[in-house]
Amino acid sequence: MPDLFAPPPADGPAASPGSHPEQEPLAERLRPKQLAEVIGQDHVTGADGAIGRMVSAAKLSSMILWGPPGTGKTSIARLLADAVGMRYVSISAVFSGVADLRKAFAEAESMAALGRRTLLFVDEIHRFNRAQQDGFLPYVERGTVTLVGATTENPSFALNAALLSRATVLILHRLDAAALEQLLTRAEHETGIRLPLTPAAREALVASADGDGRFLINQAETLFDVSLPAPLDPAGLSKFLMRRMAVYDKDRDGHYNLISALHKALRGSDPQAALYYLARMLVAGEDPLFVLRRLVRFASEDIGLADPQALIQCLAAKDAYDFLGSPEGELAIVQAALYCATAPKSNAAYLAEKAAFASARETGSLSPPANILNAPTKLMKDIGYGAGYAYDHDAPDGFSGADYWPDGLAPQTFYRPVERGFEREVLRRLEWWDKRRSGRNPP
């Protein structure tokens with residue numbers, strides 16, 4: 001697939017006989033001819049970047065190019081091979097299988113015997129399964145090929161650890177507004193046509209690309225191909241071009257990144273940012289029940305007894321959404337998110353759970369004291385079950401102060417309420433009980 005690139009230099013190579021460059025897609029015509037022309041990735045292609053240093057040393061190591069669509073992964077790989085004089089071979093994990101890999105490796109071995117090194121570019125490398133990824137290892141280790149893989153997915157989850165240990169992961173960034181504007185300028189230079197847009201519409205076009213250079217050039221090419229009586233304003237541009245859908249894969253990185261951002265904005269008591277990430281997910285088609293499950297979890301983990309109503313609000317939002325469906329029911333999700341964002345925060349219950357579970361794993365064989373065990377049979381009464389149990393409601397203040405911990409285990413403190421929200425009242429209650437307990441059970 002074409003990437004988004006700068007036009008060839010004025011003294012660049014002539015078109016081959018019979019070719020018609022003007023008929024090629026604009027994105028293809030804007031491909032860079034050298035690494036210096038790649039836009040927006042100076043942190044890796046520049047002189048001080050990882051790729052820049054490799055090229056200067058004329059020695060490439062295997063690498064994984066990780067970044068969003070339209071950021072130049074394919075072209076960088078091709079230009080790398082040219083820069084160091086390597087043979088370039090490209091395959092796609094979408095269309096290739098084991099037979100294609102075997103052929104590529106066999107050809108690379110033959111060329112290596114003749115002194116030619118091979119750069120093997122694998123597009124969408126994350127689509128190969130674990131066994132297929134393992135197949136690269138011996139050829140990468142022997143230096144038969146220098147592997148350059150391209151992926152839009154987090155390599156930590158999408159690629160084998162063994163393959164990652166043999167490759168450098170380089171992150172490509174979404175193109176910022178300045179880089180996208182530079183692309184538009186180069187596109188206008190290539191075509192000799194000024195985009196028929198008002199300044200505000202031009203900004204809207206850049207914003208609609210969401211960092212994807214290829215998408216931007218494809219949209220610009222549509223505008224170049226028409227004759228308009230007057231420049232389009234933002235509203236006219238929106239009608240003329242197909243609206244760009246939010247970039248979001250519900251089983252990929254976007255899914256987890258946005259839900260993580262929502263959770264942290266809620267925890268940080270920022271209702272505005274929380275609403276933004278909530279809207280990002282719902283607009284992109286996320287399952288509202290997935291969001292609701294996270295809100296319910298948040299209400300227990302990050303609010304707890306500081307505001308017991310938070311959990312009730314989230315469960316009520318789930319019921320409201322089940323009853324109303326979309327889009328009406330989404331307002332209940334918004335309400336629950338706002339409640340959670342503006343509620344007092346405490347993770348005391350969450351920390352208490354972790355501490356109690358850890359203690360239970362370490363001391364799980366200890367028996368509770370006999371006086372708090374039920375004695376439904378005569379035998380159990382005879383051996384002391386239930387003997388001496390103090391019924392709290394018979395105490396003057398409804399509190400016996402008994403010791404409920406197993407013999408051999410000193411009382412523990414798992415739950416430590418904070419001085420926020422309702423937990424401030426809970427803390428006072430615990431202090432009141434602790435004072436009376438220590439008075440009735442002197443050391």
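You'll find the structure just up there.
If you're wondering where the values come from, they're calculated on a predicted model, not measured in any experiment. (Residues numbered from 1 in each chain as written. Predicted model: local features only at pLDDT ≥ 70, side-chain atom pairs only at ≥ 80, totals over all residues. Heavy atoms only, no water.)

Caption draft 1: Representation of the overall build of the protein chain in the model. For the protein chain, the helix and strand inventory stands at 21 helices and 5 strands. Referenced to the eigenvectors of the C-alpha coordinate spread, the extents of the protein chain come out at roughly 105 × 60 × 40 Å. Burial status across the protein chain gives 41% buried among its 443 residues. In the protein chain, the proportion of contacts linking residues at least 24 apart, taken out of those at least 6 apart, comes to 73%. For the protein chain, the exposed surface amounts to about 24,000 Å²; the carbon and sulfur share of it is 55%. Distance from the positive charge centre (47 side chains) to the negative charge centre (53 side chains) of the protein chain: 4 Å. (Helix = DSSP H or I, 4+ residues; strand = E, 2+ residues; numbered from the N terminus. Buried < 20%, exposed > 50% of the residue type's maximum accessible area, 1.4 Å probe, protein only. Contact = heavy atoms within 4.5 Å. Areas by Shrake-Rupley, 256 points an atom, 1.4 Å probe, with all protein chains shown as cover. Lys, Arg positive; Asp, Glu negative; His and termini not counted. Charge placed at Lys NZ, Arg CZ, Asp CG, Glu CD.)

Caption draft 2: Structural view of a nonpolar patch on the surface. Together, Tyr389, Tyr391 and Tyr404 give the surface a local cluster of nonpolar side chains, amounting to about 330 Å² of exposed area. Within the secondary structure, Tyr389 is located in the loop between helix H20 (378-382) and helix H21 (423-440). (Patch = residues over 30% accessible without salt bridge, like charges linked within 9 Å, V, L, I, M, F, W, Y side chains within 5 Å. Salt bridge = Lys/Arg side-chain N within 4 Å of Asp/Glu carboxyl O.)

Caption draft 3: Spatial organisation of the packing of aromatic side chains. With the rule as written, the count across this model stands at 8 aromatic pairs. Between the aromatic rings of Tyr88 and Phe121, the centroid separation amounts to 6.4 Å while the plane-to-plane angle is 20°, which identifies the pairing as stacked. Residue Tyr88 is located in strand S2 (residues 87-92), and its partner Phe121 is located in strand S3 (residues 118-123); the two are separated by 33 residues in the primary sequence. The exposure class assigned to Phe121 is buried, which follows from its relative accessible area of 1%. The rings of Phe105, Phe128, Phe136 and Tyr139 are connected pair by pair, giving a single aromatic cluster. Above the ring of Tyr139, the side-chain terminus of Arg142 is found at 5.0 Å from the ring centroid. (Phe/Tyr/Trp six-rings, centres within 6.5 Å; stacked < 30°, edge-to-face > 60°. Lys NZ or Arg CZ within 6 Å of the ring centre and 35° of its normal.)

Caption draft 4: Structural context of helix H15 (residues 271-283). Here H15 spans 18 Å end to end across 13 residues, near enough to the 18 Å set by a 1.5 Å rise per residue. Listed as buried for H15 are Pro271, Ala274, Leu278, Met281 and Leu282. The arc that holds the buried residues of H15, viewed along the axis, is 95°, so those residues lie on one side. Among the exposed residues of H15, those oriented more than 90 degrees off its buried face are Gln272 and Val283. In this structure Asp270 caps H15, since a side-chain oxygen of it lies 3.2 Å from the backbone nitrogen of Gln272. The positive-phi residue at the C-terminal boundary of H15 is Gly285, with phi of around 100°. (Expected span 1.5 Å × (residues − 1). Arc of directions from axis to C-beta. Polar contact = N/O pair within 3.5 Å; in protein donor to acceptor, adjacent residues only side chain to side chain.)

Caption draft 5: Region of interest: the nonpolar core. Core analysis: the largest hydrophobic core is formed by 27 residues, its most contacted members being Leu262, Leu266, Leu278, Val291, Leu295 and Ile333. Sorting the residues of this core by element identifies helix H14 (253-267), H15, helix H16 (288-303), helix H17 (309-324) and helix H18 (330-342) as the ones contributing at least two each. Take this core: its biggest share by element is 7 residues, from H16. Those residues in contact with Ile333 that sit more than four places away from it in its chain are Leu278, Pro288, Val291, Leu292, Leu295, Ala317 and Tyr321. One finds Leu30, Leu175, Leu205 and Leu223 within the second-largest nonpolar core, a separate group that totals 25 residues. (Core = buried A, V, L, I, M, F, W, Y, C linked by side-chain atoms within 4.5 Å.)

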